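# Notes for the structure review
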Amino acid sequence: MAVTFYSLYMHLHAVRSTVTAGRTINRKAELGDAGYIYGQPSRIHFEIFCDNESLQRFVGRASGDLPLDQHGRADVLFGELYFRLAGTTIYAAQPAANVVTPTVAATYAATQDLIIGLRYAQGGGAQGQQGDATVTAYHADGSIEGTPLRETEAEYALYTSANSISTAYPAAGRPAPSAVYEVLRLGRVVNTEEEALTPADLPHWRKVRYPGGEGWVNLNASTVRKFSDADFPPWKRWSLIDDSADQDSRCDSATVLGWLDTNLDHHVDAQESAAAQADASVAERLSYAICRFPTEWDGSTLDARWGWLKTATPENPDPLTETDFAAFKRHAEALCFWAQVPVQTPALPANPWRFHPRAFIELFRRCGWLSHDELASTFPKYQFYNSSGNPRTAITTANATYTLTRATARTRIAHHAYALNRCIQKYIGPDPKRIAIFLSQVLLETAQWRNPGGNNRLMHEWGYGAYSAANPATQYYTAFYGRGMMQLTWAGNYKAYGEYRHLADHTGAYIERRPLPSPRITATSQHYNANPNDGGVQSQWAPRYDPDIIGEQPYEACDSGGFYWISKSFSEGLKTDSTDDSADLTINPPAPKAAVRANMARTE
């Protein structure tokens, strides 16, 4: 599903020669230099807006408030997770992992709205906190109860925690650790390929603050409703404003005027408006208001939007004459460009929804979902480097082996783009450094996502585990060769992934990719769980799942890579702060010619 929004930049001092009509502008590409507004340098006019259909896709609704009596969206989920408690009991001590109704003392019942926010640092925290989780208690009005609690390295412990919770149940009714992992990481099971959460009432215990103290609450209780930043919730100040009655250029929204009417006299003049906007709480409300009103840049609606200037009113004591209004229109028409914009799909909205640009950008930086084009852009143009030289240089031979085109990259990633994004959402998070490191490894493991065919199939180790003197381990792992985007290898790793997912046992013959007289995996065949030189032993594989699905099913190919990534221990190096690239979107005075870069223009 694609969503479209538009970025409007005005008051540029100069425009780059690379910006031409009909040419695609890449995200972060320089557009030009910031100009002047009211004599102040490094200022631009910047809008982000969309049509009604895209707003529905962005926000999950195109009118009204977020329904709080049902769960928020699970198909679009990112950023901070929220759990709305309503009559939910908070306990004084931590219950056992598999206990739904504790015998420990209850300490508080959330009779009023209390929203628990859960946010993993996901690599973007302060130094030494990149794997921490923050638990915040919000009231309905967005105010915070006390100081947020921090769970040290909670994200790094997710895999271990999911397995511990799973094994707390009897073997006969044990939930799949992968499903438990999603509950801990995403608040609920969101991937339909996963086994349903069994039992459905599996508890998700977290220590939280409440008015007057701290305690433990089950965030998976039946009374809890679950949301995320993707729902644009009201306790984070988001609101949809579409109550302008006359649709002219004046703000007559009762909602907005109510925020500005600080003296409650039902009248807002320019002085009161300016004073209200200087108030931090009012400014915050305005920043998260998504407002619908006619565009200023449509010359055909000037009379409807500005005709009031010819009428004497308390707010317009000196009305324009017809001559003055005609001069005003000529000036305004010179600035209007709406009719000159080439036909768009979807059509350029005449009555668009506006986002505060900074709030919009800050929110969607938490998303982490990469479009098909963005994933293709992560492929290096030159695939290989010379084996000598300092520094080593890329091999730039102009053929398909060494030089990759954008079109070829799009083709290679197309079949796995959706599943890869879901893997990143579940295991990696939106931090650009983490994603870059992960995708770099995946690029190597998948041989640059190449699929030559024959014995060199994508997501399968080339040769399908045939013995190679260059890789003596092939003698032992044979049919359990590398599959998936992290090249899961050895029967022991396949077994661990199957248990993590609760993959169903296979019936019938196992798929054999090599042209052999008989298949290597049978009902009684024995296979090494690890390299025998490292203590590996043989055991029977059947009737477990067919390992071929790790190479053939996009979800399993990608999810198994995420599983491998988080289930292994790595040596810890120096932890450094995640670098925020907000400078690319900030114009910092007093530089007279600050570079202006393009905002995201389209995502999928």
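See the structure printed just above.
These notes cover the structure that comes with them. Computed from a prediction, not measured in an experiment: that's the story for all the values here. (Residues numbered from 1 in each chain as written. Predicted model: local features only at pLDDT ≥ 70, side-chain atom pairs only at ≥ 80, totals over all residues. Heavy atoms only, no water.)

## Topic: the environment of leucine 363
Structurally, the position occupied by leucine 363 is in helix H9 (residues 357-364). Overall, leucine 363 belongs to the buried group, its relative accessible area being 2%. Separated by 284 residues in the primary sequence, leucine 363 and glycine 79 have C-alpha atoms spaced 7.8 Å apart. Apart from the residues within four sequence positions on either side, leucine 363 is in contact with Phe78, Asp229, Phe232 and Trp238. (Helix = DSSP H or I, 4+ residues; strand = E, 2+ residues; numbered from the N terminus. Buried < 20%, exposed > 50% of the residue type's maximum accessible area, 1.4 Å probe, protein only. Contact = heavy atoms within 4.5 Å.)

## A word on the state of the cysteines
The full count for this structure, using the stated rule, is zero disulfides. Cysteine 558 supplies the cysteine sulfur nearest to cysteine 423, a cysteine that is in no disulfide, at a spacing of 6.0 Å. Owing to a relative accessible area of 2%, cysteine 423 belongs among the buried residues under this scheme. (Disulfide = S-S within 2.5 Å.)

## Structural notes on the packing of helix H15 (residues 491-501) against helix H17 (residues 554-567)
Orientation of H15 relative to H17, taken along the N-to-C sense of each, is 100°, at an axis distance of 11 Å. Classified by the angle between their axes, H15 and H17 sit roughly perpendicular to one another. Contact with H15, carried on its side by Asn493, Ala496, Tyr497, Tyr500 and Arg501, involves Tyr555, Glu556, Asp559, Ser560, Phe563 and Tyr564 of H17 and no other residues of that element. In terms of residue class, the contact of H15 with H17 is built from six nonpolar, two polar and three charged. (Axes fitted to C-alpha atoms, helices over the stretch in contact; angles between N-to-C directions. Parallel < 35°, antiparallel > 145°, perpendicular 65-115°, else oblique. Nonpolar A, V, L, I, M, F, W, Y, C, P; charged D, E, K, R; others polar.)

## Some details on the sheet that holds strand S16 (residues 239-241)
Taken in spatial order, the five strands line up as S2-S6-S18-S17-S16 in an open sheet, and their pairing is mixed. Edge positions in the open sheet fall to strand S2 (6-10) and S16, since each of these has one partner strand only. Each strand axis lies, on average, 30° off the axis of its neighbour in the sheet, ignoring direction. As defined by bridge partners, strand S6 (residues 45-50) adjoins strand S18 (residues 353-355) across three bridges and the pair is classed as antiparallel. Directly across from cysteine 50, in S18, lies its bridge partner tryptophan 353. Together, S6 and S18 form the strand contacts of H9, whose direction differs from that of S6 by roughly 60°. (Pairing = 2+ DSSP bridges.)

## Brief notes about the sheet that holds strand S10 (residues 114-120)
Backbone-to-backbone hydrogen bonds pair the strands of a sheet. The strands run either parallel or antiparallel. Within the open sheet, the five strands sit side by side as S12-S11-S10-S7-S15. Their pairing is antiparallel. Of all strands in the sheet, those with a lone pairing partner are strand S12 (149-151) and strand S15 (225-228), marking the two edges. In this sheet, neighbouring strand axes are inclined to one another by 25° on average, regardless of whether the strands run parallel or antiparallel. Pairing of strand S11 (residues 133-139) with S12 involves three bridges; the strand directions are antiparallel. Bridging across to S12, threonine 134 finds its partner in arginine 150.

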